[in-house]
Amino acid sequence: MAAITSIAQWFGAEDGYVRPPTRVQRRDLVVAATLFVLTAVNRELGRPFLADLETFDSVPLEYLIMASGAVALIWRRVWPTAVAGYAFVHFFLASTFAPQVGYLFVYQIICFFAIFSAAAWARDRHVAVIVMGGLMLAMAVWLAWDAAVGSGLDQIREALADETEVIRPSLLPPMVSAILQTALVNLLYVGGAIWLGRNAWWQARNLAVLESQSQTIAAQSAELQQQAVAAERLRIARELHDVVAHHVSMMGVQAGAARTLLDRNPQAAAEALHNVEDSSRVAISEMRGLLGALRGATDGSDDGSRAPEPTLAELPEMLAGFRASGLDVELTDTPQEVALDQVPLPIQLSIYRIIQEALTNVQRHSTARAARLTVRTQAPNDASSSGGWIEAEVLDDGRALPGSSGSGLGQLGMRERVQSHGGSAEIGPRVTGGYRVRVRLPLIRNPHGATHG
């Protein structure tokens, strides 16, 4: 049983691959026609030397035998096992009743090619194992029968009698040597065809596996690209939320101030309206750039209209905008171990947007009229292998305005930014009153992920 299982595995019967079916192709017709012509030429060139094997004198019948053997190869890939069985039976009948055709070298190639095609193209490998084993057994029985009760021994004796004078001493007796040589040649004939066909099947199977893996890799690559586009769109959506929330809040505050001052101080009201105009222009410009980037993330293109992302160098300008809208923001003068312009640009952008969102929340959802911003940095420490960090903290002493809880998307965006950099965040009310937003981002990516307070 173990031997049968090993043979089945060697032949591919235990593999899940099924070679796809095919139709008769032009090259199948060419192969059949070529072998028929070569067999006919082989017969005509060898006719003077095979006269003693002729069992009948009918050239048309010989050509009919050759044609009926070669024509089966047309369907060698459509019905491979059936063609192999037919070719073997045809070979047996031709060798027995028309040896002048059956013993032709090219005619024997027809049978060899049919067995090879069965081993290479059989789709049901279990059936193919049975057919190939049956052919090997039939060949062995045929040789044994011919040697025991047929004319095989007589032919060997006649050949040996004709060459008695030139026979030299050998390892085995002449009769035994002749029988073993005949058996070995026929074993190599059938076994070689099966072995070459089996190798061709495994090559086709390995090629199909490689193609399938290539398609899988291509599909996974496309999926990763889509995920990257989706992530980019989410990031841009957060940017858009920050921009709209900040500028619309400032515009609302300035518009309210203008309405209050319109009768008492027209000049101050005009200045407030001027600030509203500036804020709306900046908001439209940034929104246009973000929407252009969003279109690029959708179709994989970039129209080039996107403005540069803000950096910490623009932090004073942002704070001035908040002060102009009525929120007194104090920037703590803290010595920096790492210059802010040396912080990686993606981290600068995230810190900038987090500060912007935190101050906007103070302005929209708190009674506080002042806030304090502190930005700290720590340089990498070679001794402790610390990668350094940047920290931003926004503090206020106000209380939450009733009915102004908001959607929570702002804080969610801040936490997602922190998580994307592997940093830590502490967002929530202070024990002593007011609210704190403190985030710390590593200058080198933290492999342990983010922590949140």
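Notes on the structure follow.

Cut-off values and rules
- Residues numbered from 1 in each chain as written.
- Predicted model: local features only at pLDDT ≥ 70, side-chain atom pairs only at ≥ 80, totals over all residues.
- Heavy atoms only, no water.
- Helix = DSSP H or I, 4+ residues; strand = E, 2+ residues; numbered from the N terminus.
- Buried < 20%, exposed > 50% of the residue type's maximum accessible area, 1.4 Å probe, protein only.
- Contact = heavy atoms within 4.5 Å.
- Areas by Shrake-Rupley, 256 points an atom, 1.4 Å probe, with all protein chains shown as cover.
- Pairing = 2+ DSSP bridges.
- Core = buried A, V, L, I, M, F, W, Y, C linked by side-chain atoms within 4.5 Å.
- Polar contact = N/O pair within 3.5 Å; in protein donor to acceptor, adjacent residues only side chain to side chain.
- Phe/Tyr/Trp six-rings, centres within 6.5 Å; stacked < 30°, edge-to-face > 60°.
- Lys NZ or Arg CZ within 6 Å of the ring centre and 35° of its normal.
- Axes fitted to C-alpha atoms, helices over the stretch in contact; angles between N-to-C directions.
- Parallel < 35°, antiparallel > 145°, perpendicular 65-115°, else oblique.
- Left-handed = near helix turned anticlockwise from the far one by under 90°.
- Nonpolar A, V, L, I, M, F, W, Y, C, P; charged D, E, K, R; others polar.

1. Observations regarding the overall build of the protein chain
Then, number 1: Broken down by element type, the protein chain carries 13 helices and six strands.
Then, number 2: When the 453 residues of the protein chain are sorted by exposure, 36% land in the buried category.
Then, number 3: Once local pairs closer than 6 in sequence are excluded, the contacts in the protein chain between residues at least 24 apart make up 75%.
Then, number 4: About 25,600 Å² of surface is accessible on the protein chain, with carbon and sulfur atoms providing 62% of the total.

2. Some remarks on the pairing of strand 3 (residues 389-396)
Then, number 1: Of all eight residues that make up strand 3, eight are buried, and the element is covered over most of its length.
Then, number 2: Across the two faces of strand 3 the burial is the same, with Trp389, Glu391, Glu393 and Leu395 and Ile390, Ala392, Val394 and Asp396 all buried.
Then, number 3: In the sheet, strand 2 (residues 370-378) pairs with strand 3 via eight bridges, with the strands oriented antiparallel. Each residue of the ladder has a partner; that of Leu373, found in strand 3, is Val394.
Then, number 4: Relative to strand 5 (residues 435-442), strand 3 is paired through eight bridges, and the arrangement is antiparallel. Opposite Trp389, over in strand 5, you have Pro442 as the bridge partner.

3. What about the nonpolar core?
Generally speaking, a soluble globular protein has its nonpolar side chains buried in company with each other.
Then, number 1: Tyr107, Ile115, Met132 and Met139 are the most contacted members of the largest nonpolar core, which totals 37 residues.
Then, number 2: Those elements that provide at least two residues to this core are helix 2 (26-46), helix 3 (59-70), helix 4 (80-97), helix 6 (105-121), helix 7 (125-148) and helix 9 (174-261).
Then, number 3: No other element matches the seven residues that helix 6 contributes to this core.
Then, number 4: Not counting residues up to four positions away in its chain, the partners in contact with Tyr107 are Thr39, His90, Phe91, Ala94, Val101 and Gly102.
Then, number 5: One finds Ala358, Val362, Val394 and Val437 within the second-largest nonpolar core, a separate group that totals 32 residues.

4. Quick look at the environment of Ser68
Then, number 1: As for its position among the elements, Ser68 is in helix 3.
Then, number 2: When its relative accessible area of 22% is taken as the criterion, Ser68 is described as partly exposed.
Then, number 3: Through-space distance from the C-alpha of Ser68 to that of Phe36 is 9.1 Å; in sequence the pair is 32 residues apart.
Then, number 4: A distance of 2.9 Å separates the side chain of Ser68 from the backbone oxygen of Ile65, its partner in a polar contact.
Then, number 5: A distance of 2.7 Å separates the side chain of Ser68 from the side chain of His90, its partner in a polar contact.

5. Examining the packing of aromatic side chains
Then, number 1: Scanning all chains against the criterion turns up 11 aromatic pairs.
Then, number 2: In this structure an aromatic cluster arises from ring pairing among Phe88, Phe91, Phe92, Tyr107, Phe112, Trp142 and Tyr189.
Then, number 3: Residue placement shows Arg19 over the ring face of Trp121; its charged tip is 3.6 Å from the ring centre.
Then, number 4: Just above the ring of Trp389 sits the side chain of Arg440; from NZ or CZ to the centre is 3.7 Å.

6. With respect to the packing of helix 3 against helix 4
Then, number 1: In contact at an axis separation of 10 Å, helix 3 and helix 4 are set at 160° when each is read in the N-to-C sense. Comparing the axis directions of helix 3 and helix 4 gives the class roughly antiparallel. Note on packing geometry: the crossing formed by helix 3 with helix 4 is left-handed. Contact with helix 3, carried on its side by Ile65, Ser68 and Gly69, involves Tyr86, His90 and Ala94 of helix 4 and no other residues of that element.
Then, number 2: Within the contact of helix 3 with helix 4, the residues separate by chemical class into three nonpolar, three polar and no charged.

7. Brief notes about the pairing of strand 4 (residues 424-429)
Each regular strand displays side chains that alternate between the two surfaces of the sheet.
Then, number 1: Across six bridges, strand 4 lies against strand 5 in antiparallel orientation. For Ala425, the partnering residue across the bridge sits in strand 5 and is Val439.
Then, number 2: Between strand 4 and strand 5, which pair antiparallel one after the other, the connecting turn spans five residues, and Gly433 there sits at a positive phi close to 105°.

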